[in-house]
Amino acid sequence: MRKDIIKPIQRLSFRDEVYQTLKKWIITLELHPEERLSDKELAEKFGISRTPVREALKRLEDEGLVQSLPGSSTYVAPLNVTEAKHAFTVVAVLHALAARLACPVLKETDLQTLEASNNALQLAIEQGDVIQAIEADAHFHKVFLDAAGNPEIVLALERSIPKIQRLEVSQFNTLKGLHSVEQHNHIIAACRNGEYEKVVRLVEENWLSLGELLTQSTEPR
């Protein structure tokens, strides 16, 4: 009986590890848009069976990061500006909601984390490190998500955020990233002043302005 219990746990860990790794490669464009994905080749690369790879690919397909056709190959989903526009609208509203729930319970340590994350974001932008910039920005907004204490918001964001991050990576050199740092500074100041409705508005504007900048820069002229 114990072996029957342990085996599925190990199998799930393989699936989750493959899923997280492939998701990271897709977001960072190490796996290029429309690049073919072979479950056999990936299984050989990971040194595991094809089953957890197929399960990971199916999960990524459900999230819109991978596409496949019946009887055809599986491949990385192309960058989709229209899809990203819709995602930014949803993400902005959800993060604003998280900020509304979080503001009344933010602690000094939370504010310090916001400041440290924003400083890390500025440094990453100045150094041209897109991955560190995305991670620093995620850490900034995670403060509100954690303080809000609503896991449904986090679950709802998981589908949309990767699509946005892929676009950020592809357009990083054209972005005015320091504008986001400045917006974050205004958010922190409003938090310290107890201006909660202003925080909510600024958080939503932060995401919407990034969305406008990203989608405009990728649209044909």
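Anything mentioned here points back to the structure above.
Quick summary incoming for the structure in this document. As the structure is a computational prediction, the values presented were derived from the model and not from experiment. (Residues numbered from 1 in each chain as written. Predicted model: local features only at pLDDT ≥ 70, side-chain atom pairs only at ≥ 80, totals over all residues. Heavy atoms only, no water.)

1. What about helix H5 (residues 108–127)?
Line of reasoning, step 1. The end-to-end C-alpha separation of H5 is 29 Å, in line with the 28 Å expected for 20 residues at 1.5 Å each.
Line of reasoning, step 2. For H5, every residue scored as buried is listed here: Leu-111, Leu-114, Ser-117, Asn-118, Leu-121, Ala-124 and Ile-125. An end-on view of H5 places all buried positions within 145 degrees of arc, on one side of the element. Set apart from the buried face of H5 by more than 90 degrees, the exposed residues are Thr-109, Asn-119, Glu-126 and Gln-127.
Line of reasoning, step 3. Note on H5: the residue one or two positions beyond its end, Gly-128, has a positive phi of about 70 degrees. (Helix = DSSP H or I, 4+ residues; strand = E, 2+ residues; numbered from the N terminus. Expected span 1.5 Å × (residues − 1). Buried < 20%, exposed > 50% of the residue type's maximum accessible area, 1.4 Å probe, protein only. Arc of directions from axis to C-beta.)

2. Here's the deal with the packing of aromatic side chains
Line of reasoning, step 1. For the coordinates displayed, the defined rule picks out two aromatic pairs.
Line of reasoning, step 2. With a centroid separation of 5.9 Å and 10 degrees between ring planes, the pair formed by Trp-25 and Phe-46 is classed as stacked. With Trp-25 in helix H1 (residues 2–27) and Phe-46 in helix H2 (residues 39–46), this pair connects stretches of sequence that are 21 residues apart.
Line of reasoning, step 3. Between Phe-140 and Phe-144, the aromatic rings sit 6.2 Å apart at their centres with planes inclined by 65 degrees, giving edge-to-face as the arrangement. Of this pair, Phe-140 and Phe-144 both sit in helix H6 (residues 130–148), separated by four residues, roughly a single helical turn. For the pair formed by Phe-140 and Phe-144, the shared burial category is buried.
Line of reasoning, step 4. The residue whose ring lies beneath Arg-59 is Tyr-19, and the NZ or CZ to ring-centre distance is 3.6 Å. (Phe/Tyr/Trp six-rings, centres within 6.5 Å; stacked < 30°, edge-to-face > 60°. Lys NZ or Arg CZ within 6 Å of the ring centre and 35° of its normal.)

3. Brief notes about the nonpolar core
Line of reasoning, step 1. Ranked by internal contacts, the top residues of the largest apolar core, which has 35 residues, are Leu-114, Phe-144, Ile-187, Cys-191, Val-199 and Trp-207.
Line of reasoning, step 2. Elements with a contribution of two residues or more to this core: helix H4 (81–102), H5, H6, helix H7 (151–171), helix H8 (177–192) and helix H9 (196–218).
Line of reasoning, step 3. When residues of this core are assigned to their parent elements, the largest contribution, 10 residues, is made by H4.
Line of reasoning, step 4. Residues in contact with Trp-207, not counting those within four places in the same chain, are Phe-88, Val-91, Ala-92, His-95, Asp-137, His-141, Ile-161 and Ile-164. (Core = buried A, V, L, I, M, F, W, Y, C linked by side-chain atoms within 4.5 Å. Contact = heavy atoms within 4.5 Å.)

4. Considering the packing of H2 against helix H3 (residues 50–62)
Line of reasoning, step 1. Where H2 contacts H3, the axes come no closer than 9 Å and their chain directions differ by 115 degrees. The interaxial crossing formed by H2 with H3 has right-handed handedness. Contacts between H2 and H3 involve Asp-39, Lys-40, Leu-42 and Ala-43 from the first element and Arg-50, Val-53, Arg-54 and Leu-57 from the second.
Line of reasoning, step 2. Of the residues in the contact of H2 with H3, the class split is four nonpolar, no polar and four charged. (Axes fitted to C-alpha atoms, helices over the stretch in contact; angles between N-to-C directions. Left-handed = near helix turned anticlockwise from the far one by under 90°. Nonpolar A, V, L, I, M, F, W, Y, C, P; charged D, E, K, R; others polar.)

5. Some thoughts on empty space enclosed by the protein
Line of reasoning, step 1. For the structure shown, the criterion picks out one cavity of 30 Å³ or more.
Line of reasoning, step 2. Considered as a void within the structure, the largest cavity measures approximately 60 Å³ in volume.
Line of reasoning, step 3. Contributing elements (two or more residues each) for the lining of the largest cavity: H4 and H7.
Line of reasoning, step 4. A total of three residues in the lining of the largest cavity trace back to one element, the largest contributor, which is H7. (1 Å grid on protein atoms, 1.4 Å probe; cavity = no way out; pocket = protein on both sides within 12 Å on 5 of 7 lines; lining within 4 Å. Points joined across faces, edges and corners; volume = space filled by probe spheres on them.)

6. Concerning the environment of Leu-60
Line of reasoning, step 1. Within the fold, Leu-60 resides in helix H3.
Line of reasoning, step 2. Looking at Leu-60, the relative accessible area reads 0%, which means it is buried.
Line of reasoning, step 3. Separated by 108 residues in sequence, Leu-60 and Glu-168 place their C-alpha atoms 19 Å apart.
Line of reasoning, step 4. In contact with Leu-60, other than residues within four places in its own chain, are Tyr-19, Leu-22, Lys-23, Ile-26, Leu-65 and Val-66.

Function cannot be read off these values alone, since they describe shape.
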